Structure formats: structure tokens, C-alpha cells
Amino acid sequence: MRVPSSLQRTVAVVLAAGTGRRVGPAIPEQFIKIAGRPILEHTLRAFEDSPDIDDVLVLTHRDFLPRAEELVDGAALRKVRGVHVGGVTRSEATREALEVLEGHLAEGEDPKILLHDAVRPLVSQRVISDCVRALDTYQAVNVAIPSSDTVIVTREHGGEGEFVTDILPRDRLSRGQTPQAFRFSTLRAAHRLAAADQGVEAVDDCAVVLRHLPAVPIHVVRGDEHNMKVTHPVDMFIADKLFQLSCEIAPAHRSESAYRRSLDGKVVVVFGASYGIGAHICEFAEKHGARVFAYSRSETGTHVEHPEDVAAALTETRHKAGRVDYVVNTAALLGLGKLADTEVAKIAQATAVNYLAPLHIARAAHPYLAETRGQLLLYTSSSYTRGRAGYSVYSSAKEATVNLTQALADEWAVDGVRVNCINPERTSTPMRWKVFGREPEDTLLTAEEVAQTSVDVLLSGLTGQVIDVRRQEPAALPNPRVATPEPCVPPVHRAAE
């Protein structure tokens, strides 16, 4: 295990020693695949992607050590410093991790330690960061969310079944999650005391600190409902759906000087660039020093549904600019109406523009983006999460675009090419005006806002993400997953052409 030079490093310990008793004896939960990857890999990638984590240590059952090592090697997880055999109990696994870490500490080092269940693959970057930040002030940190259910105490009576003996006040109850975070010295001291306490087995590490170091306050970081523990078959179904629908919060805007530094000399190709979001991306990128090549049906005769047009546009850009850093596709065809009443030709045209075009653009762009380790940026719609009446062709294509984004991000990771997808809230664009008429401006995003966020994503390190762009932060909305239904009308309009 390599020891970084900094004495302030942060180590994530992923506890993966379960043997799968709840799901079945054949394979532990952490090795079952959801959303295309083993649960353990999803969990490790959350810490791999965190800028707050320096090292990752994996504890697993001895029978599955080779499988865990193979997973780590195959996923190219650079922060994982070792895979070790964990104990049978939670306390034994933690003590094993502490012993491994202690053998590699520099003199005077007291690192931050985050212990996390391998079967909580949906832990957010916000929770990880909050835990790490809290250790600047506190020695012990727990993650919890308020209980939305009433908790009752029961007791079996005379073989007649269980009966309620107490109902606990819900306003004082929370549901614990992981990671649990500690300063190394605090957790080591608590477990040394616990080891001498024969016959008492704590359910988790905060319980060890609470029992044996009662003078140490345990700070609570707010958790997430999505940070679920995957232990039962139904959990796997739910987690798979959550991965499918998961969205990344849009990156923060940069300063004008930062945009100029990042975009200066970059080459940006935008399909669907004549108006709307595409046109504003071109304007913003060019203003900050990028060299922009704009293609559209109306301005350059480029039909995105024609592979030869797409290939010609990218070849032209590469010839003139010598490189291609970013490829953006904002072109779309919005057709509303009942499927049974829609002509076959219109279905074919909508499918060609909304789904086949992203495929053609991706195929043609890959070799150029691989040269520069660039990014492909696509666009979806809020209707992708659930198809709506009147939107069957459009929304199904947008769901396919999300799947394409996630698949290509995995395929192209080896080439260093990033692929992301923007999911804008209802946006004020000429296409929308034609379909729905003029709406109150304070209910819509502006095309300029979506364009700037699109550039923020191009300049970020994100890949494989659906990025929500909203007028409010999702946390401030009563239910960010519920989309407002829109009126169903028959016109068909081409976006950004």
C-alpha cells in the first residue's frame, strides 16, 4: 500500500465481506451486476471519482478474494491500494482495516477514515464530501436521514404472535447509513477498548465509539434516500432503476477568465446550430476563444440523419482546424400526437433525427475525439423518465439517447473520451414557441442558460452522466422527478435546424 506524502490523506475503507445470505448462497450481493457493473464496482467508483479521497482499501471474504482482486484490476481503479481478507463480523473487518493502515502510517499521521458498506453503490459525492469536511472539526461522524416511518417496539407473546409494546417518537429517530467517518486515532482507540469487552458485539463503528468513548461527540451528516443498502432482490431492482434515472447536478459556472483559459484554442463542432441552444453554445464558446464549426440543415445543408453529411462535416473540421475537441448535437425533431394517427414517414423521420442521428454522430466523431481525449455531448428531455401520451416517438428516442450516453461512456473510457447528456427543464426556444406558443418567461429556462451549462459540462471531468438543468436546485423542488405535463398538439417542428 503506497503512502502519499501528505499527512492529511483520507482513506475510504469499503467493507465487502458479506457472503450473500439474503440473496442466495451462490454469489454475494456486492458481486451481482446492476446497471451493467457489479455493485462493488459502482461503490468503488464513487470513491474513485471523489476529489476528497486519496486511497481506497477493500475488505472482502476470503472465499471471494480472487474475484474482488480481478474486479479491481479490470476496472483500473487507481486509488485502490489493496484488497484484504476481512473478519466475519463488522468489528473484525474494521480491526483488520485498522491493522493494515497502521502498518503504513507515517510518523505523526492521523488520517481521516471513511468506512462504507460495499452494497451502498448510490452514495453521492455530496455525502462523501460532507463527511470529509466534518472531520476537520469532529473526531467521529455518522450519516443519517430522518425516519419517515413510525418505529414500533414489539414482543412475541405466548406463541400468539407479535404485539406492540411501545411506539417511539418519530421526530427523534433517524435511519443510519454509511459512510461512517473517523479520525484514525479515535477509531483505533475505541476498537482497542472494545476488543477487551468480551461478549459485546457492536452493530457498527459509531456504536463502538459511542459505547467506549462516550466523551467523543458523533456528528451527524445528512444522508440521501437514494443511499440505500442493496441486500434483498427487490433492492436490486430499485437500485437498477435509480441508476437508470440518476442525474448529476450541473457544474458551477466559471469566471470569464477561467472560461477563456479553458476554451482558448479548443475546436467545437455543433450540429443543430442555427438557433436555440445550439446557436447560443456557438456564440458562448466563440466569445471565449474557441474555434467553432456550426452545422445545420438550414445554414449548411447538413442533415444529421444522413451519415455522409455528418462524416463530411467532421472531416471538414479536422482538415481546417487540425483537431476536434468537442462534438455537440442539439438537433431534434419534436412530433406530438397519437401514435396510431401518425404517418409512417413521420415516424421514420423523427426516429432518424432523434435517435439514429446521435448514433451516426458518435460513430463519425469517435476517432477525432480519441485523438484529443475530448467529449461528445448529447441532449435528452424530461419525458425520457416516463413516456407520455402524445410523446411516444419523441420520449422513447430520448430514453434511447440516455442509454447511448451511458453505454458509450463505458465503451470509450479506455480512449479517454467522455460522453454526457444534458436534460434541460422546459426551455424558451423557437421550437417550443412554434409548438406551445408563448408562455410566461419566468416558468422557462433561457436557451442562454442551457448553453452556458452545456459548456460547463464540456469543460468538466464528467462522463456517462445525465445532467439536469433546472431553474431551481433539485433539492429545493418538492419532487424533481415529476415532470409537468404539457399540452398534446399535433405540429411537428425541427429543433435547432
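Residues numbered from 1 in each chain as written. Predicted model: local features only at pLDDT ≥ 70, side-chain atom pairs only at ≥ 80, totals over all residues. Heavy atoms only, no water.

A. Focus on the overall build of the protein. Looking only at helices and strands, one finds 15 helices and 22 strands in the protein. Looking at the protein as a whole, 50% of its 497 residues qualify as buried. Restricting the contact set of the protein to residue pairs at least 6 apart, pairs at least 24 apart contribute 76%. As displayed, the protein has an accessible area near 23,400 Å², and 51% of this comes from carbon and sulfur atoms. (Helix = DSSP H or I, 4+ residues; strand = E, 2+ residues; numbered from the N terminus. Buried < 20%, exposed > 50% of the residue type's maximum accessible area, 1.4 Å probe, protein only. Contact = heavy atoms within 4.5 Å. Areas by Shrake-Rupley, 256 points an atom, 1.4 Å probe, with all protein chains shown as cover.)

B. Structural detail: helix α5 (residues 184-195). The end-to-end C-alpha distance of α5 is 16 Å, a good match for the 16 Å that 12 residues give at a rise of 1.5 Å each. The set of residues buried in α5 consists of Phe184, Thr186, Leu187, Ala190, His191 and Ala194. Buried residues of α5, seen end-on, are gathered within an arc of 165° and therefore sit on one face of the element. Against the buried residues of α5 lie α3 (90-102), β6 (112-117), β10 (174-183) and α6 (205-212). (Expected span 1.5 Å × (residues − 1). Arc of directions from axis to C-beta.)

C. Geometry of the packing of aromatic side chains. Considering all chains together, one arrives at 3 aromatic pairs under this definition. Look at Tyr259 and Phe284: their rings are 4.9 Å apart centre to centre, the planes differ by 90°, and that puts the pair in the edge-to-face class. Of this pair, Tyr259 sits in helix α8 (residues 256-263) while Phe284 sits in helix α9 (residues 276-287), placing them 25 residues apart in sequence. In this structure Tyr259 comes out as buried when scored by relative accessible area, which is 0%. We note Arg67 situated over the ring of Phe31; from NZ or CZ to the ring centre the distance is 5.5 Å. (Phe/Tyr/Trp six-rings, centres within 6.5 Å; stacked < 30°, edge-to-face > 60°. Lys NZ or Arg CZ within 6 Å of the ring centre and 35° of its normal.)

D. The sheet that holds strand β11 (residues 218-222), seen in detail. Pairing in this open sheet of 7 strands is mixed, and the strands run β5-β4-β1-β6-β10-β7-β11 from one edge to the other. The outermost strands of the open sheet, each flanked by one partner alone, are β5 (80-85) and β11. Direction aside, neighbouring strands of the sheet carry axes that sit 25° apart on average. Direction of pairing for strand β1 (residues 10-16) relative to β6: parallel, over a ladder of 6 bridges. If you follow Val13 over to β6, its bridge partner there is Leu115. Its contacts with the sheet place helix α2 (residues 65-75) against β4 (55-60) and β5, and it is angled at close to 170° to β5. Running over the sheet, α6 touches β6, β7 (140-146), β10 and β11 and is turned about 75° from β10. (Pairing = 2+ DSSP bridges. Axes fitted to C-alpha atoms, helices over the stretch in contact; angles between N-to-C directions.)

E. Geometry of the nonpolar core. Formed by 35 residues in total, the largest nonpolar core has its most connected members in Val269, Phe271, Leu314, Val327 and Leu376. When contributions to this core are tallied by element, the ones reaching two or more residues are β13 (267-271), β14 (291-295), α11 (307-321), α12 (344-372), β17 (375-379), α13 (392-412) and β18 (418-424). When residues of this core are assigned to their parent elements, the largest contribution, 9 residues, is made by α12. Each residue touching Val327, except ones within four places of it in the same chain, is listed here: Val269, Phe271, Leu314, Ile361, Ala365, Leu369, Gln375, Leu376 and Leu377. (Core = buried A, V, L, I, M, F, W, Y, C linked by side-chain atoms within 4.5 Å.)

F. Fine view of a nonpolar patch on the surface. A grouping of Ile152, Val164 and Ile167 is seen on the molecular surface, where their side chains present a nonpolar patch of about 280 Å² in accessible area. Relative to the assigned elements, Val164 resides in strand β9 (residues 162-167). (Patch = residues over 30% accessible without salt bridge, like charges linked within 9 Å, V, L, I, M, F, W, Y side chains within 5 Å. Salt bridge = Lys/Arg side-chain N within 4 Å of Asp/Glu carboxyl O.)

G. Spotlight on the pattern of salt bridges. Scanning the entire structure with this criterion turns up 22 salt bridges. With a closest N to O distance of 2.4 Å, Glu109 and Arg9 form a salt bridge. Of this pair, Glu109 sits in the loop between α3 and β6 while Arg9 sits in the segment before β1, and the two are 100 residues apart along the sequence. For Glu109, a relative accessible area of 7% translates into the label buried. Between Arg90 and Asp205 there is a salt bridge whose closest N-O contact spans 3.2 Å. Within this pair, whereas Arg90 is found in helix α3, its partner Asp205 is found in helix α6, the two being separated by 115 residues in sequence. Like Asp205, Arg90 is buried. Overlapping salt bridges, with partners in common, bring together Arg9, Asp55, Arg81 and Glu109 in one network.

H. Structural view of the pairing of β9. Little of β9 sits inside the fold, with 0 of its 6 residues counted as buried. As judged from the 5 bridges shared by strand β8 (residues 152-156) and β9, these two strands associate in the antiparallel manner. Paired with Ile152 across the two strands is Ile167, which belongs to β9.

I. How the structure looks around the packing of α9 against helix α15 (residues 447-458). Between α9 and α15, whose axes approach to 8 Å, the crossing angle comes to 55°. Relative to α15, the element α9 lies oblique. Along this stretch, α9 crosses α15, giving a crossing that reads as right-handed. In this structure, α9 uses Gly276, Ile277, His280, Ile281 and Phe284 to contact α15, whose residues at the interface are Ala447, Glu448, Val450, Ala451, Gln452, Ser454 and Val455. (Parallel < 35°, antiparallel > 145°, perpendicular 65-115°, else oblique. Left-handed = near helix turned anticlockwise from the far one by under 90°.)

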